[in-house]
Every structure is written in C-alpha cells, then in structure tokens.
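Structural description and commentary
Okay, here's what each chain looks like letter by letter:
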Amino acid sequence: MSEQSFQVKSDPALWEKLGMDVARFSGMPAMLTQAYRTIFLSQKNRPAAMAYFDGMVENIHTGRIDELMAVKEKGKPVVGTFCVYVPEELIVAAGGACVGLCGGAQGSIADAEKVLPRNICPMVKSAFGFKVGKICPYFQAVDLVYGETTCDAKKKTWELLDRYVPTHVMEIPQMKRERDKRLWLEEVQDFKVAVDRIAGTETGFDEVADAIRTVNAKRAALQRLNSLRHRSPSPISGRDMLLIQQIAFYDEPVRFAGKVNELCDELEKRVKDGVGVVPASTPRILVSGTPMALPNWKLHNIIETSGAVVVNEESCIGTRYYKDLIDEGATTVDQQLERLTERYMKIDCSCFTPNDDRIDQVLKEYRDSGAQGIIDYCLQFCHTYNIEAVKLREACEKHGISFMAIESDYSPDDVGQLKTRVEAFIEQITG
Ligand code: BJ8
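What comes next is a walk through the structure.

What counts, and where the lines are drawn
- Residues numbered from 1 in each chain as written.
- Predicted model: local features only at pLDDT ≥ 70, side-chain atom pairs only at ≥ 80, totals over all residues.
- Heavy atoms only, no water.
- Axes fitted to C-alpha atoms, helices over the stretch in contact; angles between N-to-C directions.
- Helix = DSSP H or I, 4+ residues; strand = E, 2+ residues; numbered from the N terminus.
- Contact = heavy atoms within 4.5 Å.
- Nonpolar A, V, L, I, M, F, W, Y, C, P; charged D, E, K, R; others polar.
- Core = buried A, V, L, I, M, F, W, Y, C linked by side-chain atoms within 4.5 Å.
- Buried < 20%, exposed > 50% of the residue type's maximum accessible area, 1.4 Å probe, protein only.
- Domains from an automatic or database assignment.
- Pairing = 2+ DSSP bridges.
- Phe/Tyr/Trp six-rings, centres within 6.5 Å; stacked < 30°, edge-to-face > 60°.
- Lys NZ or Arg CZ within 6 Å of the ring centre and 35° of its normal.

Okay, the packing of helix α4 (residues 50-58) against helix α14 (residues 253-273) next. One can describe the packing of α4 onto α14 by two numbers: an axis separation of 9 Å at closest approach and a directional angle of 140 degrees. Seen from α4, the contacting residues are Met50, Tyr52, Phe53 and Met56; seen from α14, they are Arg255, Phe256, Lys259, Val260 and Leu263. Class assignment of the residues belonging to the contact of α4 with α14 gives a composition of seven nonpolar, no polar and two charged.

Written as structure tokens, this is what we have:
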C-alpha cells in the first residue's frame, strides 16, 4: 500500500453509539494515519502480503468494531483481556470474541492520572485512561473485562476499573509448584463456567476442541512466521513483525492465521531467492522484556532507523504468546482443561518466582534468531522485569552476548537519548 493511499477510517456515528467522546476521538485517525505512514509505509521492499495488515490498521476503529458488534448482536460476549494468561480458547469455544486491551499510547495517560497515581506502569495507565476518557472503541465495545493477578499495578487497578466496566479477576499464582498448578486448574474451570454463563451456553467437548485447534493454528502460524524472519537476510522488518503480533490480539483468529500463512508463503519464496528486507550485513537485534501494546512502536522504530533490524521479540507481544501450543489429544472436557492449564503454565512471565526458564528461553531465542545482541526493554515502574534483567545480564555476560537494558515509557521525551544509546550499541555489536 502506498503512503498516500493509506488512511485510517472514521465512523463518528458508530463511536457515538458506543458512548465515546467523539469530539476528542475524531482527531485520532489522522494522527494514526500520519504515524503509520512514517513508521511503516516509508519502509522499502515490504512484502506484498502486508497489505492485509495495513488494512487492519485502516479499519482498526471501524470495520473490526463492526465485526465485534455483530458478535454481540448474536448474543455472544466480547471479552477484553490484558494478559496472555487469560485463556482465550474458552472465550472462542463459547462463540465470543477475545480482545487484548493493553494500552500503548501516551494520549490516554493524562486521563488515567486523574485517578491513578502517576508512578505506575504506562501500559496500565494507558489502558485505564482509554476507558476513563472514553477514547477507545474496543473498551466501549467489550461486555466485560477479565483481569488477572499478575503484577501489583494491574491487580489493584482492576478494583478501580470495575467502576467503569464490569471487571472479573482470575487468580494467577506466582509460583509453579504442584499446589499452584491445582489452584490454576480450578481458576481455569471457574473461568469456563463464568464465560459460559455470560454466553448463555454450556460449551462441550467439541466446541472446546474446535477452539483449541483454532487458537493453536493461530499460534502455529506465528511460529512459522517468526522462524522465517530468523533467516538471513531477514525477509521482513521487525516493525512489521511487531505490528502483526499486536494485531494477533484483536483480529478474528481464523482469518488472521490464514493471512499470516499467506505472508509466510511469500517470505518462503523470498528466503529461497535470497531476498531480504535489508542486506544480510545488517546488524541483528533481539528485543526481550515487557510487552509493546498498540501503538507502541517506539523502540523498534529507533532500532530500525539506526541501521539494525529486530529479528525476535521475547515478549508477550512476541514469542511468549505463541511459543507453546495446547496438546490436542484430550478425550474429555476435564482433560482439555488440564492440557490447557499445562500449556498456560509454561508462559514464563517475570511475575513468577523462580523464573529461570525465561532466561534459558531468551538465550535459546537469541541462538535461533541469529541475533548479535540483546536489548532488554522494560516499561517504567515494571519491577519484576526490571529486576529480572539483572539475571539476564549475568547470563549474557557468561555467554559473551552483548546486552543493553532500556527503561522507557510512551513519551517522546527520551527518543533522542535512546537513539544515541542504541546507535552506540549497534556499533559495539558490529565491532
Ligand atoms: S504474562 S508480561 S501480559 S503480566 S509491564 S503491566 S507486568 S508493570 S504486562 Fe504482562 Fe501478562 Fe506478564 Fe505478559 Fe505489570 Fe510490568 Fe506493566 Fe506488565
């Protein structure tokens, strides 16, 4: 898609119906259009199959919202979530839609700070501010949100968010012992009952099996895509990969998997023909750490406009979301929920202790992706990832891997300083 033809669409009548602050939101499509043209469409040699994902961004506040409203009209729930621990398979099984609501924009932070303390994670503030300011159609479209007890900032915010939208909370244990696994399974069982109740149905074995296959297929498509971008020269940019991984949280899963596989077919041809989005000599960087929710493209844009390419995201908007699939061999609903729980327990968020599996996983992804250095990204005030970076740095030192830790928020204020640090890091890894 050309820079000039791309346009994020508007639908004030739809936004009005959703109870949004239309006057305030009406400037958003133009801002997003401008940012998207600059960050994405100015890239050279993008794969043709990116056109679908460009279209998803054009329709982010309109067409996809219409689809969610159609789900609601059928009497099925649209559930907002904030964490990859909430099992989307059970929402899909009940005929509902699952939408990731994490916030990645600076524009809603001031709204949040009217209620929340300032010194907490920008992702939590951004999401909360979207709801308080009525400036996110997804937040307005969801019937309820499902929070979880991962970090302190999130779990305490749910108590306040419940004043604006019904907010259920799932308890996620902080350790992975047998007794924690039992608790977790019970939480999953309760979650199924709650979602079924809202959907007005009792999902049985076949619906759960179908949903597991659907979400597995989505995750498998993303695995395929990620392993293709590990090739050298990289056939797709880190910015485009990040975008696709963000869209995975709000697109319809079957269509999304199909489009990712179409892109993979194109990239396979690129790999065969030795075609890259950048030359093979371009320095390769793995980004690890906290998730980058839409439209947080800040670090990737800095890295890729400084002469390097991002070849992997060890993040929840990245491999942590799709590295594990659910075993499809269960023969009863009870077994399905057990297998599902086993899969979710493999997610290695820093909210867990101990969490050494994550350090091993970062090192594995570093080797698999052919990266030459790791930039660990931590959102401000995220204590668990910030502290875990100590162990990650030690592991990198032990294995002779170049490592840099960055702490940032959504404001543009530190872009110049970050760019200087990233450029110096790129120079260091290229010797
Ligand atoms: S599984 S990473 S999605 S909790 S960055 S809000 S942890 S203070 S996002 Fe997360 Fe689930 Fe873990 Fe993934 Fe808190 Fe940290 Fe902010 Fe975070």
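This part is about the nonpolar core. Counting residues in hydrophobic clusters, the biggest one holds 132 residues, and the most contacted among them are Phe53, Phe139 and Ile244. Residue-level mapping places this core at the junction of two domains, with at least three residues from each of domain 1 (12-188) and domain 2 (216-324 + 349-430). The residues touching Phe53, leaving out its near neighbours within four places in the chain, are Tyr36, Leu243, Ile244, Ile247, Phe256, Lys259, Val260 and Leu263. Among the nonpolar cores identified, the runner-up in size contains 14 residues, and Val362, Leu392, Ala395 and Cys396 belong to it.

Here we come to the pairing of strand β7 (residues 373-379). Here β7 lies mainly inside the structure; seven of its seven residues are buried. Burial of β7 is two-sided: the residues Gly373, Ile375, Tyr377 and Leu379 facing one way and the residues Ile374, Asp376 and Cys378 facing the other way are all buried. The pairing of strand β5 (residues 284-289) with β7 spans five bridges and is parallel. Bridged to Ser288 within β7 is Asp376.

With that settled, consider unusual backbone geometry. Of note, the bond from Ser232 into Pro233 is cis; its omega dihedral lies within 30 degrees of zero at 0 degrees. Looking at where Pro233 falls in the secondary structure, it is placed in the loop between α12 (205-229) and α13 (238-247). With omega at -10 degrees, the peptide bond leading from Thr353 into Pro354 counts as cis. Unlike most non-glycine residues, Lys134 shows phi in positive territory, near 55 degrees. With respect to the helices and strands, the residue Lys134 is situated in the loop between α8 (122-132) and α9 (137-141). Of the residues examined, Lys134 reaches a relative accessible area of 42% and is grouped as partly exposed. The phi angle at Phe381 is positive, at roughly 70 degrees, despite the residue not being glycine.

What follows concerns the sheet that holds strand β8 (residues 402-408). An order of β6-β5-β7-β8 is seen for the four strands of this open sheet, with the pairing classed as parallel. Looking at which strands have only one partner, the edges of the open sheet turn out to be β6 (309-314) and β8. With direction set aside, neighbouring strand axes in the sheet form an average angle of 25 degrees. Relative to β8, β7 runs parallel, the two sharing seven bridges. Counted as the bridge partner of Leu379 is Ser408 from β8.

This paragraph deals with the packing of aromatic side chains. Considering all chains together, one arrives at 16 aromatic pairs under this definition. Here the aromatic rings of Phe6 and Tyr36 are separated by 4.5 Å at their centres, their planes lie at 20 degrees, and the arrangement is stacked. Residue Phe6 is found in the segment before α1 (12-17), and its partner Tyr36 is found in helix α3 (residues 28-41); the two are separated by 30 residues along the sequence. The interplanar angle of 65 degrees and the centroid separation of 5.5 Å between the aromatic rings of Tyr138 and Tyr250 together place this pair among those described as edge-to-face. Here Tyr250 lies in the loop between α13 and α14 and Tyr138 lies in helix α9, a separation of 112 residues in the sequence. Its relative accessible area of 7% is what places Tyr138 among the buried residues. Positioned above the aromatic ring of Phe352, the side-chain terminus of Lys176 is 4.6 Å from the ring centre. Positioned over the ring face of Tyr344 is Arg343, at 4.6 Å from the centre of the ring.

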